[in-house]
Amino acid sequence: MSNEKKTVAVLGAGTMGSGIATVMARAGHRTLLFDIDDANLQRGVDTVHGFVDKSIKLGKLDAEAGQGAKDALSGTTALSDLSACDVVVEAVFEDLALKKDLFGELDGIVSESTLFHTNTSTLSVTGIASGSTKPERVVGTHYCNPAPLMKLVEVADGRHTAEWAHKATIEFLSSLGKTSVVTKDRPGFIVNRFLIPWENSCIAALDAGVATTEEIDAAVLGSIGHPMGPFRLLDIVGMDIHQQVAMRLYEQLRDPKFFPPPMVERMVAAGDLGRKTGRGFYEYDDTRLFGS
Ligand SMILES: NC(=O)c1ccc[n+]([C@@H]2O[C@H](COP(=O)([O-])OP(=O)(O)OC[C@H]3O[C@@H](n4cnc5c(N)ncnc54)[C@H](O)[C@@H]3O)[C@@H](O)[C@H]2O)c1
């Protein structure tokens, strides 16, 4: 796959979908953001625009390129609008049947050569690919959050992924300025194997009263050199998503370090999910998903 401008569809306009759509639009690809929920779609588009505007304001993107990125993006709730796509990146809810069904439906809409990428965190790429009549075109591409800022994408082939699809995926990610690390199709790939237990430890330390949210974030920034503290990151990830990913990994790996501390359940029950609800570990005036 060459580096010419492509038509890319991103399925799901949530935290990851809007981040991945930002990456695609910024790279100049015609980007279609698809969601079944009108309000979520609008918030996703607003999040991309907000991120681009902030990048211009900070001098990280010139105004013309920023306008180009905004013009390259459009939102839709009709799957049939995706017929001309060269690449589809799936970032809908972490639900196997949902992801399989979407790929199965898209088989009848897009061309034979369209690549199907899944951003699943915990499901098997092979399992998701089994929803498509062409599992050879399905590749796992696990973006880090926030996707427009983080360079790494983990790439995992399913059992039936074809060599052409794998190669085209690596080339495509490289054209986006991303760094690919290849991993096996295993629960949590590489990063979530250590990130989730570490985040759980930070939450447990907070719940035990070791220090405040701000103090733990500051300690992490000043010691192990992460670009943001665990609670700022978890507020972008979403506590619902953290809980789901941690539980799925716990269920599959049966290792207690993945089990989310009780504070996670309390925050989810209270609706304190992070930026998407305006309150998580911190409070936010603006519920765009990242970047503001
Ligand atoms: N949040 C993270 O930090 C993170 C990081 C890496 C990967 N992931 C993975 O990315 C995926 C999305 O996670 P998220 O955090 O963006 O979730 P999210 O809840 O923020 O967004 C999911 C979006 O999918 C939409 N959706 C649901 N069903 C749909 C359908 N049938 N068609 C189209 N859209 C539909 C929802 O309306 C919602 O807007 C999941 O597989 C998750 O495991 C999440």
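On a predicted model such as this, the values are computed, not experimentally measured, just so you know. (Residues numbered from 1 in each chain as written. Predicted model: local features only at pLDDT ≥ 70, side-chain atom pairs only at ≥ 80, totals over all residues. Heavy atoms only, no water.)

**Focus on the nonpolar core**
Next, step 1: Of all hydrophobic cores here, the largest spans 33 residues; its most connected members are Ile-20, Met-24, Leu-33, Leu-73, Val-89, Tyr-143 and Leu-176.
Next, step 2: If you tally residues by element for this core, the top one is helix α1 (residues 15–26), at six residues.
Next, step 3: Val-89 has contacts with Val-8, Ala-9, Val-10, Leu-11, Ile-20, Met-24, His-117, Thr-141 and Tyr-143, leaving out every residue within four places of it along the chain. (Core = buried A, V, L, I, M, F, W, Y, C linked by side-chain atoms within 4.5 Å. Buried < 20%, exposed > 50% of the residue type's maximum accessible area, 1.4 Å probe, protein only. Helix = DSSP H or I, 4+ residues; strand = E, 2+ residues; numbered from the N terminus. Contact = heavy atoms within 4.5 Å.)

**Description of the side chain of Thr-141**
Next, step 1: Relative to the helices and strands, Thr-141 is located in strand β6 (residues 138–143).
Next, step 2: According to the relative accessible area criterion, Thr-141 is buried, its value standing at 0%.
Next, step 3: Those residues in contact with Thr-141 that sit more than four places away from it in its chain are Val-89, His-117, Thr-118, Asn-119, Val-153, Glu-154, Thr-169 and Leu-173.

**Considerations on the site of the ligand**
Next, step 1: Close to the ligand lie 26 residues; Met-16, Asp-35, Glu-94, Lys-99 and Asn-145 are nearest.
Next, step 2: Interatomic distance of 3.4 Å between a backbone N/O atom of Val-92 and an oxygen atom of the ligand.
Next, step 3: At 3.0 Å, a side-chain N or O of Asn-119 approaches an oxygen atom of the ligand.
Next, step 4: Within the complex, the protein chains bury 93% of what would otherwise be the 840 Å² of accessible surface of the ligand.
Next, step 5: Counting only elements with at least two residues in the shell around the ligand, the list comes to α1, α4 (96–107) and β6.
Next, step 6: No other element matches the three residues that α4 contributes to the shell around the ligand. (Near = heavy atom within 4 Å. Polar contact = N/O pair within 3.5 Å; in protein donor to acceptor, adjacent residues only side chain to side chain. Areas by Shrake-Rupley, 256 points an atom, 1.4 Å probe, with all protein chains shown as cover.)

On their own, these measurements won't tell you what the molecule is for.
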